[in-house]
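What the coordinates show
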Amino acid sequence: MGNAQLQSIHVHPVKAFRGQAPREAVVEPWGLAGDRRWVLIDDGGKVVTQREQPRLALAAAELVPGGGVRLSAPGMDTLTVPVPRPDGTVSVNVFRDKVEGVPAEDDAAHAWCSEYLGAGVRLIHMPDPATCRPVDPEFALPGETVSFADGYPLLLTSAASLDALNSLIAQGDHAAEGPLPMNRFRPNVVVSGTAAWAEDDWSRVSIGDVVFRVAKMCGRCVVTTTDQNTADRGREPLRTLGRHRRIGGKLVFGQNLVPVSTGTIQVGDPVTVLE
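Calculation rules
- Residues numbered from 1 in each chain as written.
- Predicted model: local features only at pLDDT ≥ 70, side-chain atom pairs only at ≥ 80, totals over all residues.
- Heavy atoms only, no water.
- Salt bridge = Lys/Arg side-chain N within 4 Å of Asp/Glu carboxyl O.
- Helix = DSSP H or I, 4+ residues; strand = E, 2+ residues; numbered from the N terminus.
- Buried < 20%, exposed > 50% of the residue type's maximum accessible area, 1.4 Å probe, protein only.
- Pairing = 2+ DSSP bridges.
- Phe/Tyr/Trp six-rings, centres within 6.5 Å; stacked < 30°, edge-to-face > 60°.
- Lys NZ or Arg CZ within 6 Å of the ring centre and 35° of its normal.
- Core = buried A, V, L, I, M, F, W, Y, C linked by side-chain atoms within 4.5 Å.
- Contact = heavy atoms within 4.5 Å.
- Polar contact = N/O pair within 3.5 Å; in protein donor to acceptor, adjacent residues only side chain to side chain.

This part takes up the pattern of salt bridges. Within this structure, the stated rule accounts for 14 salt bridges. One salt bridge in this structure joins Arg-96 and Asp-136, with 3.1 Å as the shortest N-O distance. One end of the pair, Arg-96, is in the loop between strand S9 (90-94) and strand S10 (97-103); the other, Asp-136, is in the loop between helix H2 (129-132) and strand S12 (154-158), and 40 residues separate them in sequence. Overall, Arg-96 belongs to the exposed group, its relative accessible area being 71%. Using a relative accessible area of 17% as the deciding quantity, one classes Asp-136 as buried. Residue Asp-97 pairs with Arg-133 through a salt bridge whose shortest N-O separation is 2.8 Å. Taken together, the residues Asp-97 in strand S10 and Arg-133 in the loop between H2 and S12 connect sequence positions 36 residues apart. Residue classification places Arg-133 among the buried positions, given a relative accessible area of 2%. Via salt bridges that share partners, Lys-15, Arg-51 and Asp-150 belong to a single interconnected network.

Have a look at this one:
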């Protein structure tokens, strides 16, 4: 695996929105700087994602200096939302976790998101990932925390595994849905130059000078069936993953990472398997 390298980086400033693909990113203990520090919640405080609202695939969020976000979506004027002062917090339900977040100060942000989705939502910022939300204790080391990501600081996928999956899709009942692009899986880092499914056996890797612990395989959900360019849903890749990649009761693609060290990663950095 001597030629493995970092093919692309993906940062999603607002969970479930379209993200950015910078050439480099700062790795913080809880993930890539700026990744999933914002989230939408419904009236009950529950996180809203593409699971419930596939149209979020068409909304884009871009980081602006200071940690704020610039929002855009079809039929909507662009809106820039600054980071709110951490004065009053609200409870956010992220799957099994309850975490405190700070609502955007300008009501226009909540109104913009609600109008686009046609449902009442609020835009929430995570003020301090160092203390807000622990990683799943079943797979975490003491003190590890995460942003509003599904469960772990980073998600790694490999180009070779996607090629292999697309080959399997082409042989299946819904071949017309393939080949699928990598954005169906919403990774943070994509690796090239490996064998297909090589990441299944990794437990510790480095990207450039930054070291990561491989926490667990990533179980996939209905979001992967959502075309990120149209918001339409199909059957793939879950149908094919169910036939060929059912591991531990989950349909798996990719690996969840936790940073062991911090630093900056860049596209083209070597990827080295340490364990």
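Neighbouring strands of a sheet are bound in pairs by backbone hydrogen bonds; such pairs are parallel or else antiparallel. One open sheet accounts for three strands, arranged S3-S2-S18; its pairing is antiparallel. The open sheet is flanked by strand S3 (31-32) and strand S18 (263-266), the only strands paired with a single partner. Across four bridges, strand S2 (residues 24-28) lies against S18 in antiparallel orientation. Opposite Glu-24, over in S18, you have Gln-266 as the bridge partner.

Okay, the packing of aromatic side chains next. The final tally for this structure, using the stated rule, is three aromatic pairs. An aromatic cluster of three or more residues is present, and its members are Phe-185, Trp-197 and Phe-253. The ring of Tyr-116 has Arg-55 sitting right over it, with the charged end atom 4.1 Å from the ring centre. Note that Lys-216 overlies the ring of Phe-139, its terminal NZ or CZ placed 5.4 Å from the centroid.

With that settled, consider the nonpolar core. Looking at soluble globular proteins, one finds that nonpolar side chains tend to be buried together. In this structure, Val-14, Phe-17, Leu-40, Leu-71, Val-81, Trp-112 and Leu-123 are the most contacted members of the largest nonpolar core, which totals 23 residues. Of all the secondary structure elements, the ones that give two or more residues to this core are strand S4 (38-41), strand S7 (69-72), strand S8 (79-81) and helix H1 (107-117). The greatest single-element share of this core, amounting to five residues, is contributed by H1. Other than its neighbours up to four places away in sequence, Leu-71 contacts Val-14, Phe-17, Ala-60, Ala-61, Asp-77, Thr-78, Leu-79, Val-81, Trp-112, Cys-113 and Leu-123. Listed in part, the 21 residues of the second largest apolar core include Leu-32, Val-205, Phe-212 and Ile-265.

For the rest of this paragraph, the subject is H1. Looking only at H1, the buried set comprises Ala-109, His-110, Trp-112, Cys-113, Ser-114, Tyr-116 and Leu-117. Taken together, the buried residues of H1 touch S4, strand S5 (47-48), S7, S8, S10 and strand S11 (122-125). Residue Asp-106 occupies the N-cap position of H1, its side-chain oxygen lying 2.9 Å from the main-chain nitrogen of Ala-108. With its phi angle positive at about 70°, Gly-118 sits one or two positions after the end of H1.

Treat this as a map of the structure, not an account of what it does.
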